[in-house]
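Summary of the model geometry
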Amino acid sequence: MPFNLNTLVRPNILALEPYRCARDDFKEGILLDANENAHGPAIQDLDDEEQLLQLHRYPDPHQLELKKLIVEFRNAENVFDVDKQDIITPENLCLGVGSDESIDALIRTVCRPTKDKLLICPPTYGMYSICATINEVEIVKVPLNLDTFQIDPEEINKAIANDPTIKIVYITTPGNPTGTLIDFKLIEKVLNNENFNGVVVADEAYVDFAPVGSSLATLVNKYPNLVVMQTLSKSFGLAAIRLGITFATKRLAGILNALKAPYNISTLTSSVATRAVSPQSIKHMREVVQLLNSERSRLVDELLKFPNVSKLLGGESANFLLVQVVDKKGDPSSEDAKYIYEKLATTKGVVIRYRGNELGCPGGLRITVGTKEENDILLEKFQDVSKDLL
Ligand SMILES: Cc1ncc(COP(=O)(O)O)c(C=O)c1O
């Protein structure tokens, strides 16, 4: 069946009328309409900036100013051929409590519990399966090509043809734990599948660490079955505020906005997020990304000098690296990788992530790029610990 939101979206969600907040009707005056506390917060030493936030009032459910800044940023970096009428606007956005909430919201929008399915491409981010399980949605797995960590669009399209209950294809680009940017031409083969009544999600949590112009966010009007997810947790360094962004057609974004809790984005979060996506902060973000990316290259060079690190398993498009640990014989060794991981954490105070259990990642360790000083310590301690195994 071809893509059709009227049949794709669950009927109960399609019929939702967005919750009308008290403030949607009247914004000014003596506000006695939302059962707030007119005396203000129960904190007596708020500073001037905090006073201005009006923390006793419910937050703005629409976040228009923040959305405007986000689309300006992504439109400015767009490298694709996009017709004037397809340029993204704030109406293409739905904001979530981190992209983890956005992932869950999309599943609840299109997947009927116990009936529909979600396709993932392992090795990939773990939350898709967790959200699917919570929503009683079955998972279909079409592994990445384990040599390149690119998706296999032919296999994905075959799975879709075999099972019309697949409603979402989740593609992580750049991948986690792979760090590999997925070639858009491969994603396009799934987007152009005329027999798929479902959406293709590009989860771009790490996209700013890939070359500028890698984001597909500006393509959601051109490809109505494309959904792009981003977050301020990584390149913008704001994991604590929990701000995720879904880009979709205006119609689908409208449906997602109707489904979300009206006040999901707190005033504190939107205030910090709005500052973070100002042109000045974006410039700073880009400088930090450059610094992290040059440290990433240095880490690759240095890690590959260790005799028990044989190669980079993944790509160099995120703020982490996936390396392969080998034993004395030169064979990939998850046992040795686990030893290094545990020893680093318990005796050296350096915490990385063991990924040897992931599909196609034998001997895998995932290392987040830190500051120069942190990376120096990691390299020194890694070498110390590895010596035990030689
Ligand atoms: C691929 C991917 N998507 C989404 C997320 C979640 O991000 P957020 O902090 O916005 O919930 C992560 C976090 O690690 C991730 O790796």
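Residues numbered from 1 in each chain as written. Predicted model: local features only at pLDDT ≥ 70, side-chain atom pairs only at ≥ 80, totals over all residues. Heavy atoms only, no water.

**Considering empty space enclosed by the protein**
Under the criterion given, the structure shown has three cavities of 30 Å³ or more. Approximately 100 Å³ is the volume attributed to the largest cavity. Arg74, Glu77, Gly213, Ser214 and Ser215 are, among the 15 residues lining the largest cavity, the residues nearest its centre. Residue classes in the lining of the largest cavity are distributed as six nonpolar, five polar and four charged. Roughly 70 Å³ of volume is contained in the second largest cavity. What lines the second largest cavity is a set of 14 residues, among which Arg74, Asp208, Gln230, Thr231 and Phe236 lie closest to the centre. Those elements giving two or more residues to the lining of the second largest cavity turn out to be helix H5 (64-76) and strand E6 (226-231). (1 Å grid on protein atoms, 1.4 Å probe; cavity = no way out; pocket = protein on both sides within 12 Å on 5 of 7 lines; lining within 4 Å. Points joined across faces, edges and corners; volume = space filled by probe spheres on them. Nonpolar A, V, L, I, M, F, W, Y, C, P; charged D, E, K, R; others polar. Helix = DSSP H or I, 4+ residues; strand = E, 2+ residues; numbered from the N terminus.)

**A short note on the domain arrangement of the chain**
Splitting the chain by domain gives domain 1 (5-21 + 58-277) and domain 2 (282-387). The C-alpha centroid of domain 2 is placed 29 Å from the C-alpha centroid of domain 1. On the side of domain 2, 22 residues touch domain 1, which itself brings 25 residues to the contact. Summed over the three residues of domain 1 that lose the most area to domain 2, namely Phe149, Pro177 and Phe209, the buried surface amounts to 33% of that side. Counting every contact that joins domain 1 to domain 2 gives two salt bridges. Among the salt bridges present, the one from Glu77 reaches Arg286, with a minimum N-O distance of 2.8 Å. (Domains from an automatic or database assignment. Contact = heavy atoms within 4.5 Å. Buried area = accessible area lost by both parts, 1.4 Å probe. Salt bridge = Lys/Arg side-chain N within 4 Å of Asp/Glu carboxyl O.)

**Some points on the packing of aromatic side chains**
Tallying each qualifying case throughout the model produces nine aromatic pairs. Ring centres of Tyr206 and Phe320 lie 5.0 Å apart, and the angle between their planes is 85 degrees; this geometry places the pair in the edge-to-face category. With Tyr206 in the loop between strand E5 (199-203) and E6 and Phe320 in strand E9 (residues 320-325), the pair connects residues that are 114 residues apart, well separated along the chain. Exposure class is identical for Tyr206 and Phe320. Each is buried. Arranged with centres 5.4 Å apart and planes meeting at 10 degrees, the rings of Phe306 and Phe382 form a pair that is stacked. Placement of the pair is Phe306 in the loop between helix H12 (279-303) and strand E8 (309-312) and Phe382 in helix H14 (residues 372-387), with a sequence separation of 76 residues. Taken together, Phe80, Phe184 and Tyr223 form an aromatic cluster joined through their ring pairs. (Phe/Tyr/Trp six-rings, centres within 6.5 Å; stacked < 30°, edge-to-face > 60°. Buried < 20%, exposed > 50% of the residue type's maximum accessible area, 1.4 Å probe, protein only.)

**Things to note about the site of the ligand**
Close to the ligand lie 13 residues; Ser99, Asp203, Tyr206, Thr231 and Ser233 are nearest. Between an oxygen atom of the ligand and a main-chain N or O atom of Asp100, the distance comes to 3.1 Å. Residue Thr231 places a side-chain N or O atom 2.6 Å away from an oxygen atom belonging to the ligand. Within the complex, the protein chains bury 91% of what would otherwise be the 400 Å² of accessible surface of the ligand. No other element matches helix H6 (residues 98-110), which puts three residues into the shell around the ligand. When its residues are assigned to classes, the shell around the ligand shows three nonpolar, six polar and four charged. (Near = heavy atom within 4 Å. Polar contact = N/O pair within 3.5 Å; in protein donor to acceptor, adjacent residues only side chain to side chain. Areas by Shrake-Rupley, 256 points an atom, 1.4 Å probe, with all protein chains shown as cover.)

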